[in-house]
Structures are given as structure tokens and as C-alpha cells.
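Chains, contacts and geometry: an overview
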Amino acid sequence: MEQQAELVMTKPTRHSLNRKGTLLKDIVRDKYLYLLLLPGLLLILLFRYGPMYGVVIAFQDYNIYKGIGGSEWVGFDQFQRLFRSPDFTEVLTNTIVISLYKLAASFSLPIILSLLLNELKNVVFKRIAQSIIYLPHFISWVIFSGIIITFLNPVDGMVNVIIRNFGGTPIDFLGDVRYFRSVLVLSDIYKEVGWGTIIYLAAIAGVSADLYEAARIDGANKLKQMWHVTLPAIRPVIIILVILSLANILEAGFQQIFLLYNALVYDVADILDTYVYRVGIQQADYSYATAAGLFKSAVAMILILTVNKIVKATGQDGLW
């Protein structure tokens with residue numbers, strides 16, 4: 001019995017030592033690669049994990065003069081106040097609705113565009129089309145929002161000038177709750193659809209030409225080749241991007257909304273991030289705003305874990 005107990009205890013220990021020894025050898029062998037990795041890791045530790053200490057103020061009645069150490073501990077009072085607030089229900093609804101609109105567009109359109117671009121035979125035209133579609137991704141939301149505001153200005157914006165010339169009445173697209181969400185979604189599509197398209201095109205480039213040849217021999221036309229060859233081949237990439245998108249369901253796009261919205265459209269445009277900014281920064285209610293931000297992060301973590309587990313249960317590859 002004693003010998004069996006020794007064997008049970010020593011096996012995991014030896015296994016752990018072997019793993020540590022292998023890791024050490026890998027680090028020594030690839031030391032320059034690890035050195036290249038070091039700046040990125042330091043940045044993550046400094047800007048991602050370092051600020052996590054401040055999360056503790058969500059459980060305090062934080063006083064900027066007393067600091068974290070001297071502020072009164074109130075437990076979950078800030079969260080109870082958050083969930084009971086009528087503003088929170090409206091803000092959460094707006095966040096989910098806008099995110100779902102954007103998710104529906106960002107999931108389908110890049111796949112369709114990448115499939116269409118992949119079928120282009122003229123290489124020059126294909127490259128020009130890719131560049132035009134991808135270019136807006138590199139423009140910051142500050143500049144892009146300025147362009148949108150200029151184009152949609154109800155007085156002399158190009159869109160309203162065209163509407164007026166055709167006998168219509170000018171529309172305040174950014175000040176009317178009926179149009180604001182549509183402006184958000186369409187501008188987001190125009191700016192970011194190229195990024196998703198390039199990712200899917202890179203995945204399609206890795207599909208074996210033999211599969212297409214076999215499909216053609218079996219009599220498959222272009223549409224059937226897309227459906228039965230291309231889409232199944234890029235399924236792992238689609239799944240990973242969907243998991244990441246669902247994890248960011250409460251990330252409706254702070255920069256875009258903050259730069260475009262105004263008090264007239266708060267009812268349909270105010271999201272968690274803008275709410276946290278207004279309450280936390282402008283009204284100096286730091287504990288309440290931190291509680292709202294922590295709630296959003298907790299939901300994102302639960303979503304990514306759940307979706308990844310569901311994907312793996314269906315036999316597909318998840319994030320890990």
C-alpha cells in the first residue's frame with residue numbers, strides 16, 4: 001500500500017518536473033523570440049492587469065480625497081443602486097439592440113464580400129476593390145464622425161441638399177430617434193466591413209485548389225462550390241470571430257456613439273460606456289460607474305465562456 005501511495009504521489013510530481021524542464025529548455029532555445037514577446041506582455045500587464053486593482057472601488061463609497069484605502073466599504077450597494085435605476089434598464093437595452101444590429105451586419109456582409117471578391121478573375125481590379133473596401137478601417141472615428149456630420153448636416157449637408165433638390169424635406173439624421181441607430185449601423189458597416197473581409201479572404205486563400213477541382217469534376221457550379229467547399233473550409237475562422245463578437249455584445253462602440261450622439265437621441269443611443277463616462281467622469285460618481293463597468297466585463301466573460309463551451313460541445317474548435 002505504501003509503495004502504491006508513493007507511486008501515486010511521485011508520478012504527478014515527475015510529470016510536473018518534466019513539464020517545467022521542457023518549458024525551461026524552450027525558453028533557453030527560443031530566448032530571442034521570448035524577448036520579442038516581452039514588450040507586449042509588459043504592456044498587457046501594465047495597462048490591462050494593473051488597473052484591475054481599481055475595481056475595488058465598485059464595492060466602496062469612493063472618496064477621491066480619502067483614496068481607496070480610506071473610503072468606506074459598502075459591499076454590493078452600488079450594484080443594487082445600478083440595477084434599480086430606471087436609466088440602467090434603458091441603457092442596457094440600447095447597448096444590446098445596437099450591438100445585435102452591428103453583429104448581424106458584421107457577421108454576414110464580410111463573408112459575402114469575401115466570397116464575391118474571391119471569384120474575381122481580374123487581379124488588378126480585385127486588388128483595387130480590396131483597397132477601397134479596406135481603407136476606411138484606417139480612418140479614426142474622430143475624422144470619420146466629422147465626415148458623417150458634414151454629410152448629414154440638416155442645413156447644408158450633401159445628403160439633405162440632394163433630398164431638397166428632389167422636393168423633399170431635410171432630415172436631421174443625427175437628431176431624430178427614428179434614424180440615429182440606422183446611421184450608427186450603416187456607418188459602422190462602411191468603416192469596418194473591409195477588416196472582416198480581409199480576414200475571410202486570408203482564410204479562403206488557404207483552401208486547397210484540389211477541393212475546387214474535385215467539385216468541378218462532380219458538376220458543381222460556382223454557387224455550389226462556395227456552399228460546399230469554401231464555407232466549410234473557413235468555418236473555424238467564422239466560429240472564432242462569432243465567439244469574439246458575442247463576447248463583445250455589450251461593446252456597442254463608445255467612440256462612434258460618443259462622437260455622433262446628442263441629448264436629443266439619448267433615449268435610443270445612450271449605451272453602457274457613454275453612461276459610465278457621463279456618470280463617472282462628468283458627475284464624479286466613480287463607484288457607481290465602476291460597478292456598471294464591472295457588470296459589463298462580467299457579462300462579457302460569462303458570454304465568451306458559455307459560447308466557447310457550446311461550440312466545443314458541437315464538435316467544433318473553440319478559442320481554447
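Moving on, we come to the overall build of the protein. Check the secondary structure of the protein and you find 16 helices and two strands. Scaling as 2.2 N^0.38, a compact globule of 320 residues should have a C-alpha radius of gyration of about 20 Å, whereas the protein reaches 26 Å, well beyond that. Taken over the C-alpha atoms alone, the protein extends approximately 95 × 75 × 40 Å along its principal axes. Across the 320 residues of the protein, 32% fall into the buried class. Considering only contacts within the protein whose residues lie at least 6 apart along the sequence, 63% involve residues at least 24 apart. Accessible surface, the protein as shown: approximately 20500 Å² in total, 66% of it carbon and sulfur. A gap of 8 Å separates the mean positions of the 27 positive and 24 negative side-chain charges of the protein.

The domains assigned to the protein are domain 1 (2-54) and domain 2 (80-313). Spacing between the C-alpha centres of domain 1 and domain 2 amounts to 37 Å.

Before going further, it helps to examine the packing of helix α12 (residues 235-247) against helix α16 (residues 286-313). Two elements in contact, α12 and α16, have axes separated by 8 Å at closest approach and are oriented at 155°. Relative to α16, the element α12 lies roughly antiparallel. Considering only the axes of α12 and α16, their crossing is right-handed. Where α12 abuts α16, its residues Ile239, Ile243, Leu244, Leu246 and Ala247 lie against Ala300, Leu303, Ile304, Val307, Asn308 and Val311.

Parameters at a glance
Residues numbered from 1 in each chain as written. Predicted model: local features only at pLDDT ≥ 70, side-chain atom pairs only at ≥ 80, totals over all residues. Heavy atoms only, no water. Helix = DSSP H or I, 4+ residues; strand = E, 2+ residues; numbered from the N terminus. Rg over C-alpha atoms; globule rule 2.2 N^0.38 Å. Buried < 20%, exposed > 50% of the residue type's maximum accessible area, 1.4 Å probe, protein only. Contact = heavy atoms within 4.5 Å. Areas by Shrake-Rupley, 256 points an atom, 1.4 Å probe, with all protein chains shown as cover. Lys, Arg positive; Asp, Glu negative; His and termini not counted. Charge placed at Lys NZ, Arg CZ, Asp CG, Glu CD. Domains from an automatic or database assignment. Axes fitted to C-alpha atoms, helices over the stretch in contact; angles between N-to-C directions. Parallel < 35°, antiparallel > 145°, perpendicular 65-115°, else oblique. Left-handed = near helix turned anticlockwise from the far one by under 90°.

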